[in-house]
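Overview (structure and organization)
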Amino acid sequence: MSGFPAPLRTPGPRPGVSGLRRFLAERPPTQERCELCAVTVAESDHRHLVDVEQRALVCACVPCALLMQQPGAAAGRFRAVPARYLTDPGHHLDDRAWEALQIPVGVAFFFHNAALDRLVALYPSPAGATESELEPATWTEVLGGSRLTGLLESDVEALLLRRTDGRCECYLVPIDICYELVGRMRLLWQGFDGGAEARAALDAFFENVVRQARPVRETGAP
C-alpha cells in the first residue's frame, strides 16, 4: 500500500509516529513534546510536520515548525502542515461523480504524494486509513474541475469529501485533521454502520471544518 497508510501504522514505539498515535488512542495525561527539540508543547502551540522520508506525522513546537518552513531546513526532510481551510463554491460533485470514485463509505480524502507523483485516495474504516485502488485518471476526471486541486500542496494538504443526503461537499484541509478523523472513527466505530457515537463525532468534525473553510475566491488565488 502506497502513500501514508502503510508507514503510519503503529505496531510499537518508533521515532516519527507519535503525531499519529495521539489520534489513535486516548490522550495520555502527560503533555506532548516537540519531536525535534523535546520542549513541552501546549495544545494551543501544537503544530505538525510531515516527515517526507518516513512518511509520518511529527509533533512540533511553533519555533521548530517555523524553522522547517525556511528554504533548505533539514535538507527538505520536514514540511510544515498549513492551517488553511478552503472550499470551492463553483465546483459540485453529483452522484455520478461520487459513484465513479467507488468509495464504499461517505467520506474520503485525497492528497498528492510527491514521492510517487500521484494522487492517493483514502477513507476511514474500523481498521484505520484504507486506500482506494482506483485509477488516477478517474480521480483527475472527478476532481480536476475544482480550483482546490490546483492549490493543493503535496503531502501536507488534502481534499476532504463527504457525501450526505444526495450531495457531496469538498474542502481543502490540513492533512493532519484527516488522520485525526481516521483515528476518531477507529476508536468510536461500532457495528456495521459505525453507530450513533461515531456518526455524531463525524457531524461535529465537519461542522468545525465548515466553520473554518473560506471560499477560494477570498484567498486571492485564481
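What counts and what doesn't
- Residues numbered from 1 in each chain as written.
- Predicted model: local features only at pLDDT ≥ 70, side-chain atom pairs only at ≥ 80, totals over all residues.
- Heavy atoms only, no water.
- Helix = DSSP H or I, 4+ residues; strand = E, 2+ residues; numbered from the N terminus.
- Expected span 1.5 Å × (residues − 1).
- Buried < 20%, exposed > 50% of the residue type's maximum accessible area, 1.4 Å probe, protein only.
- Arc of directions from axis to C-beta.
- Phe/Tyr/Trp six-rings, centres within 6.5 Å; stacked < 30°, edge-to-face > 60°.
- Contact = heavy atoms within 4.5 Å.
- Pairing = 2+ DSSP bridges.
- Axes fitted to C-alpha atoms, helices over the stretch in contact; angles between N-to-C directions.
- Parallel < 35°, antiparallel > 145°, perpendicular 65-115°, else oblique.
- Left-handed = near helix turned anticlockwise from the far one by under 90°.
- Disulfide = S-S within 2.5 Å.

Details of helix α7 (residues 195–212)
If you check α7, its first and last C-alpha atoms are 27 Å apart, about what 18 residues at 1.5 Å a residue would give, namely 26 Å. Where α7 is concerned, the buried positions are G195, A198, A201, L202, F205, F206 and V209. Axial view of α7: buried residues confined to an arc of 130°, hence all on one face. Pointing more than 90 degrees away from the buried face of α7 are the exposed residues A196 and R211.

A look at the packing of aromatic side chains
On inspection of all chains with the given rule, the structure shows two aromatic pairs. Ring geometry for F109 against Y179: centres 5.5 Å apart, planes inclined by 80°, an arrangement best described as edge-to-face. Note that F109 is positioned in strand β7 (residues 107–113) and Y179 in helix α6 (residues 175–188), a separation of 70 residues in sequence. Their ring planes at 75° and their centres at 5.5 Å tell us that F205 and F206 sit as a pair that is edge-to-face. For F205, a relative accessible area of 5% translates into the label buried.

Comments concerning the environment of L202
In this fold, L202 is placed in helix α7. Take L202: its relative accessible area is 14%, and that puts it in the buried class. As for L202 and R184, which are separated by 18 residues in sequence, their C-alpha atoms are 8.4 Å apart. Once residues lying within four places of it in the same chain are set aside, the contact partners of L202 are V107, R162, L181 and M185.

Quick look at the sheet that holds strand β3 (residues 47–51)
Strand order across the open sheet formed by three strands is β4-β3-β5, with antiparallel pairing between neighbours. Looking at strand neighbours, the two that pair on one side only are β4 (56–60) and β5 (78–80), the edges of this open sheet. Looking at each pair of strands side by side, their axes are set apart by 35° on average, direction ignored. With three bridges connecting them, β3 and β5 associate as antiparallel partners. The partner of D51 across the bridge, within β5, is F78.

Structural notes on the packing of α6 against α7
Put simply, α6 and α7 touch, their axes get as near as 9 Å, and they point 165° apart. Taken together, the axis directions place α6 and α7 in an arrangement best described as roughly antiparallel. Classified by chirality, the crossing of α7 by α6 is right-handed. Contacts from I177, L181, R184, M185 and L188 in α6 reach E197, A198, A201, L202, F205, F206 and V209 in α7.

Some thoughts on the state of the cysteines
By the definition in use, this model includes zero disulfides. Of the cysteine sulfurs around C59, a residue in no disulfide, the closest is that of C34, at 8.5 Å. Relative accessible area serves as the criterion here: at 1%, C59 is assigned to the buried category. Cysteine C61 is unpaired, with the sulfur of C64 as its nearest cysteine sulfur at 3.6 Å.

Quick word on the environment of A129
With respect to the secondary-structure elements, A129 resides in strand β9 (residues 128–131). Placed 21 residues apart in sequence, A129 and A108 show a C-alpha to C-alpha distance of 9.5 Å.

Brief notes about the sheet that holds strand β11 (residues 167–174)
As summarised here, the arrangement of the seven strands in space is β9-β8-β7-β10-β11-β6-β12, forming an open sheet in which the pairing is mixed. Of all the strands in the sheet, just β9 and β12 (214–215) have a single pairing partner and so form its edges. Bridge count between strand β8 (residues 118–125) and β9: four bridges; the pairing is antiparallel. In the sheet register, Y123 faces β9, and the bridge partner there is T130. Contacting β7, β8 and β10 (157–164), helix α4 (residues 136–143) crosses the sheet at an angle of about 85° to β8.

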